[in-house]
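Breakdown of the fold
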Amino acid sequence: MNKAGRDWMPMPDNIEGCPKGLEYLAMVDQLIIEQQVELLEAFTSFETNNRYEVKNVMGQKVMVACEETNCCSRICCGPRRAFHVKLMDNFAQPVMTIDRPLRCSTCWFPCCMQVAHVHGKDGSLLGSLEQAWSIFAPEYYVKNANGDTVLKIKGPCFTCNMCGDVKFEIMTG
């Protein structure tokens with residue numbers, strides 16, 4: 001058992017060709033991402049840095065993601081803000097980072113679609129997630145470091161759901 005306890009997925013063996021720390025992702029076929037609610041935010045509506053637990057279907061943590069943004073951008077730009085997210089393994093070691101610049105995200109301005117760049121712990125580009133223009137349902141392309149589309153993500157028409165999960169379909173590119 002690792003030092004984090006039973007709530008973490010067991011540490012997988014090294015996988016040839018897989019960057020160190022990303023072995024967890026090679027062992028799962030579905031991820032559940034849960035935002036952790038901060039007490040300050042819950043009681044005051046003061047927006048804090050978001051923290052997420054990334055879990056497998058058995059409810060075991062695969063990674064923890066921590067947002068790093070400043071207070072001004074959280075308040076002024078809301079969910080459209082630029083962000084830097086660190087993903088860490090069960091030993092609190094950085095595995096990768098996700099960086100998203102500030103962009104307008106509306107179907108009326110297709111020139112400003114969202115983009116996020118994913119970097120390995122050594123800073124090398126692993127790939128990107130790029131929003132495609134769509135008037136009805138959100139669509140994204142997952143691209144490798146060479147810019148080739150490897151996956152397509154399609155969301156529902158309504159991505160706000162107060163009573164349950166919001167599910168996105170992932171298809172091969």
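Residues numbered from 1 in each chain as written. Predicted model: local features only at pLDDT ≥ 70, side-chain atom pairs only at ≥ 80, totals over all residues. Heavy atoms only, no water.

The helix and strand tally for the protein stands at 3 helices and 10 strands. Helices and strands in the protein line up, N terminus first, as α-β-α-β-β-α-β-β-β-β-β-β-β. The long-range fraction of contacts in the protein, counting pairs at least 24 apart against all pairs at least 6 apart in sequence, stands at 25%. Per element, the accessible surface of the protein, about 11100 Å² overall, is 58% carbon and sulfur. (Helix = DSSP H or I, 4+ residues; strand = E, 2+ residues; numbered from the N terminus. Contact = heavy atoms within 4.5 Å. Areas by Shrake-Rupley, 256 points an atom, 1.4 Å probe, with all protein chains shown as cover.)

Position of Phe168 among the secondary structure elements: in the loop between strand E9 (149-154) and strand E10 (169-172). Separated by 15 residues in sequence, Phe168 and Ile153 place their C-alpha atoms 6.5 Å apart.

Now for the side chain of Lys143. Within the secondary structure, Lys143 sits in strand E8 (residues 139-144). Only 3.2 Å separates the side chain of Lys143 from the side chain of Glu130, close enough to count as a polar contact. Once residues lying within four places of it in the same chain are set aside, the contact partners of Lys143 are Leu126, Gly127, Ser128, Glu130, Asp148, Thr149 and Val150. (Polar contact = N/O pair within 3.5 Å; in protein donor to acceptor, adjacent residues only side chain to side chain.)

Take the nonpolar core next. In this structure, Met9, Leu22, Val62, Met63, Leu87 and Met96 are the most contacted members of the largest nonpolar core, which totals 13 residues. Take this core: its biggest share by element is 3 residues, from strand E3 (residues 61-68). (Core = buried A, V, L, I, M, F, W, Y, C linked by side-chain atoms within 4.5 Å. Buried < 20%, exposed > 50% of the residue type's maximum accessible area, 1.4 Å probe, protein only.)

One pass over the full model with this rule turns up 9 salt bridges. With a closest N to O distance of 3.2 Å, Lys143 and Glu130 form a salt bridge. Residue Lys143 is found in strand E8, and its partner Glu130 is found in strand E7 (residues 125-132); the two are separated by 13 residues along the sequence. Taking the shortest distance from any N to any O, the salt bridge between Glu139 and Lys152 comes out at 3.6 Å. One end of the pair, Glu139, is in strand E8; the other, Lys152, is in strand E9, and 13 residues separate them in sequence. With a relative accessible area of 24%, Lys152 lands in the partly exposed category. (Salt bridge = Lys/Arg side-chain N within 4 Å of Asp/Glu carboxyl O.)

Of the pairings in the sheet, the one linking strand E6 (residues 115-120) to E7 comprises 5 bridges and is antiparallel in character. Note that in E7 the partner of Ala116 across the bridge is Leu129. Relative to E8, E7 runs antiparallel, the two sharing 6 bridges. Counterpart to Ser128 in the pairing with E8 is Lys143. From the end of E7 to the start of E8, which pair antiparallel, there are 6 residues. (Pairing = 2+ DSSP bridges.)

Per-residue confidence for the protein averages 82 on the pLDDT scale, and 86% of its residues sit at or above 70. In the model of the protein, helix H2 (residues 39-44) stands out as the element of lowest mean pLDDT, 71, in contrast to E6, which has the highest, 94. (pLDDT = per-residue confidence, 0-100.)

Our next topic: the environment of Phe91. Its location among the elements puts Phe91 in the loop between strand E4 (83-88) and strand E5 (94-100). In this structure Phe91 comes out as partly exposed when scored by relative accessible area, which is 31%. Considering only alpha carbons, one finds Phe91 and Met63, 28 residues apart in sequence, at a separation of 9.7 Å.

Bringing a nonpolar patch on the surface into the picture now. Nonpolar side chains collect at one region of the surface, where Ile32, Val57 and Met58 lie side by side and expose about 290 Å² of accessible area between them. According to the relative accessible area criterion, Met58 is exposed, its value standing at 64%. (Patch = residues over 30% accessible without salt bridge, like charges linked within 9 Å, V, L, I, M, F, W, Y side chains within 5 Å.)

Moving on: the environment of Met96. For Met96, the position within the fold is in strand E5. What Met96 contacts, discounting residues up to four positions off in sequence, is Leu22, Leu25, Met63, Val85, Lys86, Leu87, Val118, His119, Gly120, Lys121 and Leu126.

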